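Structural description and commentary
Spelled out from the first residue to the last, the chains are:
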Amino acid sequence: MDTKLLFQDIAGFQTPLLAVFAVDIAVGKDAEPLPGLLTTSDAVTNAAAKVLASGEFAGTMGETLLLHAPNGLKAERLLIVGIGKAKTLSVDEVRKGAGTAVRFAKPRSIREMAIAFPEDHALSDEHLESLPCELTGRALVEGALLAEVDYDTYRSERKDLAVHTLSLIAKEDEKTTRAEIQKGFDEGVVVAAAQNFTRSLVNEPGNVLTPTELGKRAAAMCAEMGLQCEVYSTEKLHELKMGAFWAVSQGSVEPPALIVMTYEPALKKGQSADGNAPVLGLVGKGITFDTGGISIKPADGMEKMKYDMAGAGAMIGAMRAIAELKPRVKVIGVVCSAENMPDGKAFKPGDVVTAMSGKTIEIVNTDAEGRLVLADGLHYAKTLGCTHLIDAATLTGAVAIALGILNVGLFSNDEATWEKFHAATAISGEKFWRLPCTDDYKDQIKSQIADIMNSGKTRHGGAISGAMFLKEFAGETPWMHLDIAACAWNDESKPWIANGPSGIAVRSILEWVRSYSA
Ligand code: BES
Ligand code: ZN
Ligand code: ZN
């Protein structure tokens, strides 16, 4: 989809479809819904007046209403898109609203469309918080580009239902400045492309996207974006003594891949490298298929375990955006990719393996493989000089029991790091919920015969036991763990996004990284 940002009067814009946003401005608990348009255009307000007065449209999130041949507008159709309660409006609703408009147009074979930049000042201040225009511009583009994608790559008959051109129409006045909107718009294009890249990787079936293939795709991305990239395999794992990572991969005929992507910020003129500057390590779980190994999973739903590399996908996508947005901080992406298979050569419950850090691990469940590959990934990132670590992993089914599918489970051993991340989520619009990983939970992973075991003694707090295991390998280094198991794949579509891979965490990780930019 081609996206354009134009500054002009929306009433005079010729287009097959013009979308405008509406919010519900009703106040009070029992008040009837009352839609209000986020536009100062009298022509649009007049064209929509009758239907808005009819009470047939409330302005709830994802609600749409279409008018053909709207009076007084050059557009052939006017689409009113509800984005929810005015009181709770944020740029995240704008992102979803843009997505809703695009996904409305797609199946109707509308190839060209326009969206009116939401004007918060169209409604009085008592109704809503103001929308910062740079972030609004960015959210609009992101929402539209994320909505554009449907995962039909593997269908032999693919319908061309793409929206080819999207124009965002803004007005420059004392509330909105052209430069700010343009900046947000340009960033939105980069961020959405990165998130869609992640989604396309996560969508791939296990027979296509093996660890080797994931390495190739990461390397190709890095070459295109100007990042350094090394892809290692079995030999390097042995050389580095990555006994935990190797244990997981040993049952598969597919060799593992250790992918290291490096972004070095350019120095300002006359500036010399600062030895005390932070180095951020992005570590991703890249299990391209998780059968559970010898502790094999039930057949029902096992096909979904192709998305067990979504953490790796998120880190590769984040690196892509980092390469383009160029924050002034060094970032190293480490992806640990393997296939978890049952086999004569596979690791077994009861085995004891030695991780790169020297810690011994008793394997009690071969299905708790993600923490094993990450143990070595986290330790390795530290040896590469990382001062701050973040990992993303589809680590546990238990996180869905704890939090449902709306919030990613977040764990951290450092308040300052977590606070920076929390601030970043206000920009990304993604939802995370912090869970505890204090030392009193360590009892769960105490082993009778080794330093630790790879699964909790009981099933209580399974997501926490996973985090406690990883925490052992982060050690004293500030660290965050994102358990994205419940949020990386959407079983159901939404008006603003297709079902399938969500690309969760890419935007938040990116914003967190940018918050360290010197
Ligand atoms: N890949 C799974 C976790 C998962 C489950 C991801 C559902 C996405 C959806 C992980 O490797 C796993 O199997 N974890 C076990 C851990 C247990 C054996 C301690 C689990 O959650 O049951
Ligand atoms: Zn598993
Ligand atoms: Zn897994």
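Everything numeric in this text was worked out from a predicted model, so none of it was measured.

1. Describing unusual backbone geometry
The backbone phi angle of serine 109 is positive, close to 55°, even though this residue is not glycine. Relative to the elements of secondary structure, serine 109 occurs in the loop between α2 (91–105) and β6 (112–116). Residues other than glycine seldom take positive phi values, yet alanine 505 does so here, at roughly 85°. Along the chain, the position of alanine 505 falls in the loop between β20 (500–501) and α13 (506–514). For alanine 505, a relative accessible area of 0% gives the class buried.

2. Examining the nonpolar core
Of all hydrophobic cores here, the largest spans 56 residues; its most connected members are Leu282, Leu482, Ile509 and Trp512. Counting residues per element, this core draws most heavily on helix α8 (residues 310–325), at 10 residues. With residues near it in sequence (within four places) discarded, leucine 282 still touches Met315, Ala318, Met319, Ile322, Val331, Ile332, Gly333, Val334, Ile390, Ile509, Trp512 and Val513. By size, the runner-up hydrophobic cluster in this structure holds 51 residues, among which are Ala244, Cys336, Ala381 and Leu403.

3. So, the coordination of the zinc ion (ligand 2)
Between any two of four tetrahedral donors, the ideal angle at the metal is 109.5 degrees; between two of six octahedral donors, it is 90 or 180 degrees. Looking at the metal site, the zinc ion (ligand 2) is ligated by Asp290 (OD), Asp367 (O), Asp367 (OD) and Glu369 (OE), spaced 2.0 to 2.2 Å from it. Coordination at the zinc ion (ligand 2) comes from 6 donor atoms whose angles at the metal span 71 to 168°, giving a geometry best classed as irregular. When the donor residues of the zinc ion (ligand 2) are listed from N- to C-terminus, their spacing reads D-x76-D-x1-E. Taken as a pair, the zinc ion (ligand 2) and the zinc ion (ligand 3) lie 3.2 Å from each other and share aspartate 290 as a ligand. Of this pair, aspartate 290 sits in strand β10 (residues 279–290) while aspartate 367 sits in the loop between β13 (360–362) and α9 (370–383), placing them 77 residues apart in sequence. Taking the relative accessible area as the measure of exposure, aspartate 290 reaches 2% and is therefore buried.

4. Quick look at the coordination of the zinc ion (ligand 3)
The coordination sphere of the zinc ion (ligand 3) contains the protein donors Lys285 (NZ), Asp290 (OD), Asp308 (OD) and Glu369 (OE), at a distance range of 1.9 to 2.4 Å. Seen from the zinc ion (ligand 3), its 6 donor atoms lie at angles of 77 to 172°, and the figure they make is octahedral.

5. Notes on the domain arrangement of the chain
Examined at the domain level, the chain breaks down into domain 1 (2–171) and domain 2 (194–514). Contact with domain 1, which involves 19 residues of that partner, is made by 21 residues of domain 2. Carbon and sulfur atoms make up 54% of the surface buried where domain 1 meets domain 2, a total of about 1,600 Å² over both sides. The largest per-residue losses of area from domain 1 upon contact with domain 2 belong to Leu146, Tyr151 and Tyr154, which jointly make up 40% of the total buried on that side. The tally of links from domain 1 across to domain 2 stands at 2 salt bridges. The salt bridge partner of arginine 138 is glutamate 511, with a shortest N-O separation of 2.9 Å.

6. So, the sheet that holds strand β15 (residues 408–412)
The strand order across the open sheet formed by 8 strands is β8-β9-β11-β10-β14-β18-β15-β16, and the pairing between neighbours is mixed. Every interior strand has two partners, whereas the edge strands, β8 (228–232) and β16 (432–434), have only one. For this sheet the average axis-to-axis angle between neighbouring strands, irrespective of direction, equals 20°. Set on the sheet, helix α12 (residues 462–474) makes contact with β14 (388–393), β15 and β18 (479–483); between it and β18 the angle comes to about 150°. Contacting β10, β11 (330–340), β14, β16 and β18, α13 runs over the sheet at an angle of about 165° to β10.

Here is what the cut-offs are and how they apply
Residues numbered from 1 in each chain as written. Chains lettered and ligands numbered in written order. Predicted model: local features only at pLDDT ≥ 70, side-chain atom pairs only at ≥ 80, totals over all residues. Heavy atoms only, no water. Helix = DSSP H or I, 4+ residues; strand = E, 2+ residues; numbered from the N terminus. Buried < 20%, exposed > 50% of the residue type's maximum accessible area, 1.4 Å probe, protein only. Core = buried A, V, L, I, M, F, W, Y, C linked by side-chain atoms within 4.5 Å. Contact = heavy atoms within 4.5 Å. Donors = N, O, S within 2.8 Å, 3.2 Å for Na, K, Ca; no water. Tetrahedral: all angles 85-135°; square planar, octahedral: opposite > 155°, others 65-115°. Domains from an automatic or database assignment. Buried area = accessible area lost by both parts, 1.4 Å probe. Salt bridge = Lys/Arg side-chain N within 4 Å of Asp/Glu carboxyl O. Pairing = 2+ DSSP bridges. Axes fitted to C-alpha atoms, helices over the stretch in contact; angles between N-to-C directions.

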